[in-house]
Amino acid sequence: KDALLREQLPAFFEAVQGLRSLAVRAYLLALLLTGARPGELLALRWDDVNTQWRGLTIRDKDASKGGADGVRAIPLTPYVWHLLAALPRRGEWVFSSDTLPQPISRPHARLADACAVAGIEGLTLHGLRRSFGTLSEWLEVPAGVVAQIQGHKPSATAEQHYRVRPLDLLRVHHERLEAWILEQAGVKFDAQAEPGKLRAVV
């Protein structure tokens, strides 16, 4: 049942931003800010990043978990876009290894390092996903919106058959939640600033 408390956000962000690996820093913060499953985010490819319509295509566990045909679309929020735009392009994977043509391995040890610096005990990668859902309650984000973003199976008949939330509607709530988390963390960020251009690394 591990999850970040609101008052732990400043220490967590500061500690993660102190990690050496740019890819690990971006991955851990994006995990918190998207609510994705750890493996889903590691599987993110540059082709899954749609900057025109500001969306991310997440390869879901299966079609019954909130996606269609094994994928779901979630908003590409301003700060996450900023994080991704700062990453070098080393092939197809967004969170790529410095040395191998593959994604980074799950950074359990780096998360533990950051948590030790921040004075937070017992936080796991899945706990960052849980934190997204937990923190959303501070803003009373509709549970169905959170479930759709996280790829949870709809829990009621109305959600399954009578709620179709397009990306722009999800974005309204998701961007508000991201802005609130950044505010609580003491991160100064201009959401209107244009993200840096994606850089190719040879």
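**Let's talk about the overall build of the protein chain**
Counting its regular elements, the protein chain contains 9 helices and 5 strands. Out of the 202 residues in the protein chain, the part that is buried amounts to 47%. Here the analysis covers contacts within the protein chain between residues at least 6 apart in sequence; of these, 66% occur between residues at least 24 apart. Total accessible area on the protein chain is roughly 10,500 Å²; 51% of this is exposed by carbon and sulfur atoms.

**Focus on the pattern of salt bridges**
For the structure on display, the rule yields 9 salt bridges. A salt bridge links arginine 54 to glutamate 175; its shortest N-O distance comes to 3.4 Å. Remark: glutamate 175 occurs in helix α9 (residues 167-185) and arginine 54 occurs in the loop between β1 (49-50) and β2 (55-59); sequence separation between them is 121 residues. The exposure class assigned to arginine 54 is partly exposed, which follows from its relative accessible area of 30%.

**Regarding the environment of cysteine 115**
Among the structural elements, cysteine 115 can be located in helix α5 (residues 108-118). Classification of cysteine 115 by relative accessible area gives buried; the value is 4%. Between the C-alpha atom of cysteine 115 and that of valine 16, which follows or precedes it by 99 residues, the distance is 8.2 Å. Dropping the residues within four chain positions of it, cysteine 115 is found in contact with Ile120 and Leu123.

**Concerning the packing of aromatic side chains**
Applying the stated criterion across every chain, the model contains 4 aromatic pairs. Geometrically, the ring pair formed by tyrosine 27 and phenylalanine 95 is edge-to-face, given 5.5 Å between the ring centres and 75 degrees between the ring planes. Here phenylalanine 95 lies in the loop between β4 (88-89) and α5 and tyrosine 27 lies in helix α2 (residues 22-34), a separation of 68 residues in the sequence. Exposure class is identical for tyrosine 27 and phenylalanine 95. Each is buried. Ring centres of tryptophan 138 and tryptophan 180 lie 6.0 Å apart, and the angle between their planes is 25 degrees; on these two criteria the pair is classed as stacked.

**Here we look at the sheet that holds β2**
Strand order across the open sheet formed by 3 strands is β1-β2-β3, with antiparallel pairing between neighbours. The two strands at the open ends of the sheet, each matched to only one other strand, are β1 and β3 (71-75). Both β2 and β3 contribute to a ladder of 5 bridges, which runs antiparallel. Directly across from leucine 56, in β3, lies its bridge partner isoleucine 74. Contacting β2 and β3, α9 crosses the sheet at an angle of about 50 degrees to β3.

**Section: unusual backbone geometry**
In this model, arginine 54 sits at a positive phi of 50 degrees, which is unusual for a non-glycine residue. Look at glutamate 140: it is not a glycine, yet its phi comes out positive at around 55 degrees. Here glutamate 140 lies in the loop between α6 (125-136) and α7 (143-150). Looking at glutamate 140, the relative accessible area reads 69%, which means it is exposed.

**Some remarks on the pairing of β2**
When β1 meets β2, the two strands line up antiparallel, connected through 2 bridges. Bridging across to β2, asparagine 50 finds its partner in glycine 55. The loop that links β1 with its antiparallel partner β2 comprises 4 residues; one of these, arginine 54, has a positive phi angle of about 50 degrees.

**Considerations on the nonpolar core**
Phe12, Phe13, Leu84 and Phe95 are the most contacted members of the largest nonpolar core, which totals 57 residues. Examining the composition of this core, we find that 10 residues originate from one element, α2, more than from any other.

**Some points on the packing of α2 against α9**
The interhelical angle for the contact between α2 and α9, taken along N-to-C directions, is 125 degrees, at an axis separation of 10 Å. Relative to α9, α2 is oriented oblique. Along its contact with α2, which presents Leu32, Leu33 and Thr34, the element α9 presents His174, Glu178 and Ile181. Class assignment for the residues of the contact of α2 with α9 results in 3 nonpolar, 2 polar and 1 charged.

Calculation rules
- Residues numbered from 1 in each chain as written.
- Predicted model: local features only at pLDDT ≥ 70, side-chain atom pairs only at ≥ 80, totals over all residues.
- Heavy atoms only, no water.
- Helix = DSSP H or I, 4+ residues; strand = E, 2+ residues; numbered from the N terminus.
- Buried < 20%, exposed > 50% of the residue type's maximum accessible area, 1.4 Å probe, protein only.
- Contact = heavy atoms within 4.5 Å.
- Areas by Shrake-Rupley, 256 points an atom, 1.4 Å probe, with all protein chains shown as cover.
- Salt bridge = Lys/Arg side-chain N within 4 Å of Asp/Glu carboxyl O.
- Phe/Tyr/Trp six-rings, centres within 6.5 Å; stacked < 30°, edge-to-face > 60°.
- Pairing = 2+ DSSP bridges.
- Axes fitted to C-alpha atoms, helices over the stretch in contact; angles between N-to-C directions.
- Core = buried A, V, L, I, M, F, W, Y, C linked by side-chain atoms within 4.5 Å.
- Parallel < 35°, antiparallel > 145°, perpendicular 65-115°, else oblique.
- Nonpolar A, V, L, I, M, F, W, Y, C, P; charged D, E, K, R; others polar.

Distances and angles like these do not, on their own, reveal function.
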